[in-house]
Amino acid sequence: CNNHPDPNTIDNPGCMPNGCYSIELTTWLKDMQPQSGPIPENITKLINLTKLDFSGQTGITGPIPSDIGNLTNLTDFYLYALVMGEDGEHAGGIAGGIPTSIGNLTNLETMDFRNAGLTGQVPSEVASLPKIRRVKLGNNELTSLPENSWNSPDLYQIDMPYNLLTSIPNEIAKISSLEWLALGGNNLRDLNFLSHDEVNLPNLYLLNVSNQEIPID
């Protein structure tokens with residue numbers, strides 16, 4: 001695999017990173033041939049990766065590697081559409097949730113884990129990412145968003161429709177850079193996060209809370 005014509009962009013090399021990629025040169029891993037089984041732990045040795053894309057790999061199963069935080073140069077991380085096979089049939093998907101080590105990805109700008117089979121809470125470390133711009137976690141089984149403040153001044157999109165959210169922390173409505181907030185198809189009990197004194201959403205142009213029965217007092 002190290003004989004690939006452009007080691008900086010490994011397109012469809014036909015193997016996973018089990019010693020076949022240059023640790024120093026590989027910066028972009030995408031468009032691999034169909035994979036099956038867990039994401040290998042040793043992918044976290046490719047410390048110069050800036051883009052990691054497993055989109056559409058419906059054979060992927062198992063957890064996100066616990067050492068994913070080693071990829072501190074990563075700017076774009078895609079685990080999109082892992083649980084839908086041909087003809088809409090259920091296929092693989094991530095087992096478990098988002099590891100807390102993701103908080104070490106201090107250069108991460110895009111997190112696209114839509115339809116990946118994720119469960120549990122979105123860890124507080126996600127809100128602490130200093131450069132995150134897009135958080136796309138729709139169509140999973142995630143139960144809550146972080147309660148702590150979001151650190152990135154450039155965060156403009158939180159996309160979390162069709163999860164298992166029952167409430168939204170007040171901190172979400174303090175993200176002044178936010179333009180897109182999609183929360184439809186959850187189990188929200190109220191919209192109180194939009195009614196406190198510190199709401200600061202001057203740039204918000206899309207708010208979607210459709211397809212759920214929210215009580216109106």
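The preceding data block contains the structure.
Throughout, residues of each chain are indexed from 1 in the direction in which the sequence is written. Local features are withheld for residues below a pLDDT of 70 in this predicted model, meaning they are given only at 70 or higher, and side-chain atom pairs are given and counted only at 80 or more; totals for whole chains, interfaces and linings count all residues. The side-chain quantities take in all heavy atoms of the structure and omit both hydrogens and water.

Asker: Looking at this structure, I do not really get unusual backbone geometry. What am I missing?
Answerer: With glycine set apart, most residues show a phi of negative sign, and most peptide bonds adopt trans. The phi dihedral of Asn115 falls on the positive side, at around 55°, and the residue is not glycine. A run of H or I in DSSP counts as a helix once it spans at least four residues, and a run of E counts as a strand once it spans at least two, with each numbered from the N terminus. Within the secondary structure, Asn115 is located in the loop between β7 (110-112) and β8 (119-121). Residue Asn115 is classed as buried on the basis of its relative accessible area, which comes to 17%. Phi angles above zero are rare outside glycine, and Asn211 is one such case at about 60°. Residue placement: Asn211 occurs in the segment after β13 (206-208). A 1.4 Å probe rolled over the protein chains alone gives each residue an accessible area, and that area as a share of the maximum for its type sets the label: buried under 20%, exposed over 50%, partly exposed in between. Asn211 gets classed as exposed once you look at its relative accessible area, which sits at 56%.

Asker: Before we go on, may I ask you to explain the packing of aromatic side chains in this structure?
Answerer: For any pair of aromatic rings, the description consists of the separation of the ring centres together with the inter-plane angle of the planes. Stacked, edge-to-face and tilted labels apply to pairs of Phe, Tyr and Trp rings (six-membered ring for Trp) whose centres lie within 6.5 Å, assigned for plane angles under 30 degrees, over 60, and everything in between, in that order. Applying the stated criterion across every chain yields a total of two aromatic pairs. Judged by centre distance (4.9 Å) and plane angle (85°), the rings of Phe77 and Phe113 are edge-to-face. A residue pair is termed long-range when its members are at least 10 positions apart, and Phe77 in strand β5 (residues 76-78) and Phe113 in the loop between β7 and β8 qualify at 36 residues. Take Phe77 and Phe113: they sit in the same class, and that class is buried. The interplanar angle of 80° and the centroid separation of 6.5 Å between the aromatic rings of Trp180 and Tyr205 together place this pair among those described as edge-to-face. Here Trp180 is found in strand β12 (residues 180-182), whereas its partner Tyr205 is found in the loop between β12 and β13, with 25 residues between them in sequence. In this structure Trp180 comes out as partly exposed when scored by relative accessible area, which is 28%. Here Arg114 stacks its cationic end above the ring of Tyr80, 4.0 Å away from the centre of that ring. Only when the NZ of Lys or the CZ of Arg is both within 6 Å of the ring centre and within 35 degrees of the ring normal is a charge said to sit over the ring.

Asker: What is the right way to read the side chain of Gln212 from this model?
Answerer: Mapping Gln212 onto the fold places it in the segment after β13. At 3.0 Å, the side chain of Gln212 and the backbone oxygen of Leu183 are in polar contact. By definition in these notes, contact holds between two residues if any of their heavy atoms fall within 4.5 Å. Setting aside chain neighbours within four positions, we find Gln212 in contact with Leu183, Gly184, Gly185, Asn186, Asn187 and Leu188. In the analysis that follows, any N or O atom pair within 3.5 Å is treated as a polar contact, provided that within protein one partner can donate a hydrogen and the other can accept it, and provided that, for residues neighboring in sequence, both atoms belong to side chains.

Asker: Explanation requested: the pattern of salt bridges in the structure shown.
Answerer: Once the charged atoms of two side chains with opposite charge are near each other, the side chains can pair. For salt bridges, the criterion is a side-chain nitrogen of Lys or Arg within 4 Å of an Asp or Glu carboxyl oxygen. Considering all chains together, one arrives at four salt bridges under this definition. With a shortest N-O distance of 3.1 Å, Glu171 and Lys174 are connected by a salt bridge. By relative accessible area, which is 27% here, Lys174 ends up partly exposed. The network of salt bridges with common partners includes Glu171, Lys174 and Glu198.

Asker: Can you help me understand the environment of Ser167 in this one?
Answerer: Within the element layout of this structure, Ser167 appears in the loop between β11 (157-159) and β12. Sequence-distant contacts of Ser167, defined by excluding residues within four places in its chain, comprise Leu188 and Arg189.

Asker: Even after reading the chapter, I still don't get the nonpolar core, so can you show me in this structure?
Answerer: Counting 49 residues, the largest nonpolar core has Leu52, Leu79, Phe113, Trp150 and Ile172 as its most contacted members. Residues contacting Ile172, with those up to four places away along its chain left out, are Leu145, Trp150, Ile158, Leu178, Leu181, Phe193 and Leu201. By nonpolar core we mean a set of buried residues, namely Ala, Val, Leu, Ile, Met, Phe, Trp, Tyr and Cys, connected to one another through side-chain atoms within 4.5 Å.

Asker: Would you explain the side chain of Asn140 in this entry?
Answerer: Summarising the element assignment, Asn140 is placed in the loop between β9 (134-136) and β10 (141-144). For Asn140, a relative accessible area of 7% gives the class buried. In this structure the side chain of Asn140 is engaged in a polar contact, spanning 3.2 Å, whose partner is the backbone oxygen of Gly138. When residues no more than four places from it in sequence are discounted, the contact partners of Asn140 are Phe113, Arg114, Asn115, Ala116, Gly117, Leu118, Tyr162 and Asn163.

By themselves, these figures tell us nothing about what the structure is for.
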